Amino acid sequence: MFEYVTDRVAQKATRTAQTAAIGFGAMLCLIVGGAFLAVAAWLFLLTITTPLVACLIMGSLFFGMGLVLIAALSIRARAIRRQKREAALRAQAMQQAQATGGVGGIAAIITAFVNGLNAGKQARR
């Protein structure tokens, strides 16, 4: 039982470390690439529009991207909560299955069988 808990903790720690490392690298690339793209878009917009319109376009673009990223985080958090809830239900079902095993489980099965026989006899009358 203790080994199971330590294995789960180790797996979770490994997954978290991998996610953090990949996330850091991705964020660094996105920041550098985003900066270059923002400057290029700004220079392009200044050549075809006024500075005010360029600010509105760039601000709207970044605001929209921020909303999309917040929505993605929300979806991910909801999926993680659902997985945890399903795991808890599975663990509870396994615990109940183990608790009903043995003599108590056999008695419940016999009781259900006798109840079924009685219901069948009453249905024939």
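Residues numbered from 1 in each chain as written. Predicted model: local features only at pLDDT ≥ 70, side-chain atom pairs only at ≥ 80, totals over all residues. Heavy atoms only, no water.

An unreviewed UniProt entry lists the protein under the name Holin-X, holin superfamily III, from Sulfitobacter pontiacus.

**A few points about the overall build of the protein**
A count of helical and extended segments in the protein gives three helices and zero strands. Its helices and strands in sequence order give the protein the pattern α-α-α, from N to C terminus. Relative to the globule expectation of 14 Å for 125 residues, the C-alpha radius of gyration of the protein, 30 Å, shows a markedly less compact shape. Dimensions of the protein along its principal axes, counting C-alpha atoms only, are 90 × 45 × 15 Å. (Helix = DSSP H or I, 4+ residues; strand = E, 2+ residues; numbered from the N terminus. Rg over C-alpha atoms; globule rule 2.2 N^0.38 Å.)

**As for the layout of surface pockets**
One number sums up the size of the largest pocket: a volume of about 480 Å³. Considering the residues around the largest pocket, the lining is formed by 13 residues, among which Lys-12, Arg-15, Ile-80, Gln-83 and Lys-84 are closest to the centre. Breaking the lining of the largest pocket down by element, the ones donating at least two residues are helix 1 (2–48) and helix 2 (51–99). The biggest single contributor to the lining of the largest pocket is helix 2, with seven residues. Across the lining of the largest pocket, the residue classes tally to two nonpolar, four polar and seven charged. Two domains each put at least three residues into the lining of the largest pocket: domain 1 (1–47) and domain 2 (51–124). Estimates place the volume of the second largest pocket at around 320 Å³. For the lining of the second largest pocket, the secondary-structure elements that each account for two or more residues are helix 1 and helix 2. Of the residues assigned to the lining of the second largest pocket, the class counts are 10 nonpolar, three polar and no charged. (1 Å grid on protein atoms, 1.4 Å probe; cavity = no way out; pocket = protein on both sides within 12 Å on 5 of 7 lines; lining within 4 Å. Points joined across faces, edges and corners; volume = space filled by probe spheres on them. Nonpolar A, V, L, I, M, F, W, Y, C, P; charged D, E, K, R; others polar. Domains from an automatic or database assignment.)

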